[in-house]
Amino acid sequence: MQRIRLRYTKRGRLRFTSHRDFQRAFERALRRAEVPMAYSAGFTPHPKVSYANAAPTGTGSEAEYLEIALTEPRDPRKLRELLDESLPDGLDITDAVEARTSGLADRLTASVWELRLEGVDVADAERAVAAFLAADAVEVQRKTKNGMRTFDARAAVAGLEAGSVPSDRPGQGLCAILRLVVRHVTPAVRPDDVLSGLRAVADLAPPVPAAVTRLAQGLFDEESGTVTDPLAPDREAVTAAPPKAAGLAAAPEPTGAGSA
């Protein structure tokens, strides 16, 4: 059985695609591309696809990951192209590598997010960021299936900075953006939780909902403060692997008594 790890995106209007909607679209793409999928056992077999830490509905992403199991070997690059052609624009397969290491989910320990704040002045965003980072704890509330839950949004934030980009709104000049690095903890801290925290400590309230995009996810490097590529170990394992022998190794020459 061959395992392939894929990186995919949720762009544009398809950021509103739910995880279940993506699952259905991806399984259709597998059938269209005639991928030799391995299936689970039991009365209702389903293709062996493992999804890792999907982004919330409504957020864009450049770094979603999944793993599939095949019954026949396929070239990861060709497989990526076939699947990408079979998915709608916006759900794009951007990388594929054969799984040569274990624990993909264990390497997804942090995410880098970009929050676009239309209608927010950059100076106001910078003041809110400074207040948030200076706080020892920032308690926020989120409604869960078990009711309202209060938790600290500050502890999970490994990095937060403000910047600016041209506004999408005519005549508005620049708008603020936030670059956010969040560790994956329990309970999970989401970008909207950080926005709630900024509102709590500095009364920062964007007039329109923030456009949120996940730029990366992977292992968090404490020294550099960066998030590393979770597929890199698999690429390195492929590069380091010795080439397969073209045929059988030569038989050793006979030794000992009786040899000619």
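Owing to the predicted nature of the structure, the values given are computational and were not obtained by experimental measurement.

(A) Local environment of the pairing of strand 9 (residues 174-183). In terms of residue burial, strand 9 counts as a mostly covered element, since 7 of its 10 residues are buried. Pairing geometry for strand 5 (residues 110-117) and strand 9, over 8 bridges, is antiparallel. Within strand 9, the position partnered with Glu 114 by the bridge is Arg 179. As paired elements, strand 8 (residues 157-166) and strand 9 share 9 bridges and run antiparallel to each other. In the sheet register, Ala 162 faces strand 9, and the bridge partner there is Leu 178.

(B) Just the packing of aromatic side chains, in detail. Under the criterion given, the structure shown has 3 aromatic pairs. Judged by centre distance (4.2 Å) and plane angle (5°), the ring pair of Tyr 8 and Phe 22 falls under stacked. Of this pair, Tyr 8 sits in strand 1 (residues 2-10) while Phe 22 sits in helix 1 (residues 19-32), placing them 14 residues apart in sequence. Accessibility assignment for this pair places Tyr 8 and Phe 22 in one class, buried. Measuring from centroid to centroid gives 5.8 Å for Phe 22 and Phe 26, while their planes differ by 15°, and the two rings are stacked. Of this pair, Phe 22 and Phe 26 both sit in helix 1, separated by 4 residues, roughly a single helical turn.

(C) Quick look at the pattern of salt bridges. Inspection of every chain in the model, using the stated rule, returns 19 salt bridges. For Arg 179, the salt bridge goes to Glu 114, with nearest N and O atoms at 3.7 Å. Highlighted residues: Arg 179 in strand 9 and Glu 114 in strand 5, separated in sequence by 65 residues. Relative accessible area serves as the criterion here: at 34%, Arg 179 is assigned to the partly exposed category. Among the salt bridges present, the one from Arg 142 reaches Asp 193, with a minimum N-O distance of 2.4 Å. Here Arg 142, found in strand 6 (residues 139-144), pairs with Asp 193, found in helix 4 (residues 191-202); they are 51 residues apart in sequence, far enough to count as distant.

(D) How the structure looks around helix 1. With 14 residues, helix 1 should cover 20 Å at 1.5 Å per step; its first-to-last C-alpha distance of 20 Å lies within 8% of that length. All buried positions along helix 1 are accounted for by Phe 22, Ala 25, Phe 26, Ala 29 and Leu 30. The buried side chains of helix 1 occupy one side of the element, clustering within an arc of 145° when seen end-on. The exposed set on the far side of helix 1, more than 90 degrees from its buried face, consists of Arg 20 and Arg 31. Buried residues in helix 1 make contact with strand 1, strand 2 (49-52), strand 3 (60-70), helix 2 (76-86) and strand 4 (93-98). Positive backbone phi, at 55°, marks Glu 34, one or two positions downstream of helix 1.

(E) Structural view of the environment of Glu 81. Within the element layout of this structure, Glu 81 appears in helix 2. Given the relative accessible area of 41%, Glu 81 is considered partly exposed. Taking C-alpha positions, Glu 81 is 9.7 Å from Asp 92, a pair spaced 11 residues apart along the chain.

(F) Examining the confidence of the model for the protein chain more closely. Considering every residue of the protein chain, the mean pLDDT works out to 90; 92% of them sit at 70 or more. Segment residues 244-260: pLDDT under 50, and 1 contact once partners within four positions in sequence are set aside and those in other chains are kept.

What counts as what
Residues numbered from 1 in each chain as written. Predicted model: local features only at pLDDT ≥ 70, side-chain atom pairs only at ≥ 80, totals over all residues. Heavy atoms only, no water. Buried < 20%, exposed > 50% of the residue type's maximum accessible area, 1.4 Å probe, protein only. Helix = DSSP H or I, 4+ residues; strand = E, 2+ residues; numbered from the N terminus. Pairing = 2+ DSSP bridges. Phe/Tyr/Trp six-rings, centres within 6.5 Å; stacked < 30°, edge-to-face > 60°. Salt bridge = Lys/Arg side-chain N within 4 Å of Asp/Glu carboxyl O. Expected span 1.5 Å × (residues − 1). Arc of directions from axis to C-beta. Contact = heavy atoms within 4.5 Å. pLDDT = per-residue confidence, 0-100.

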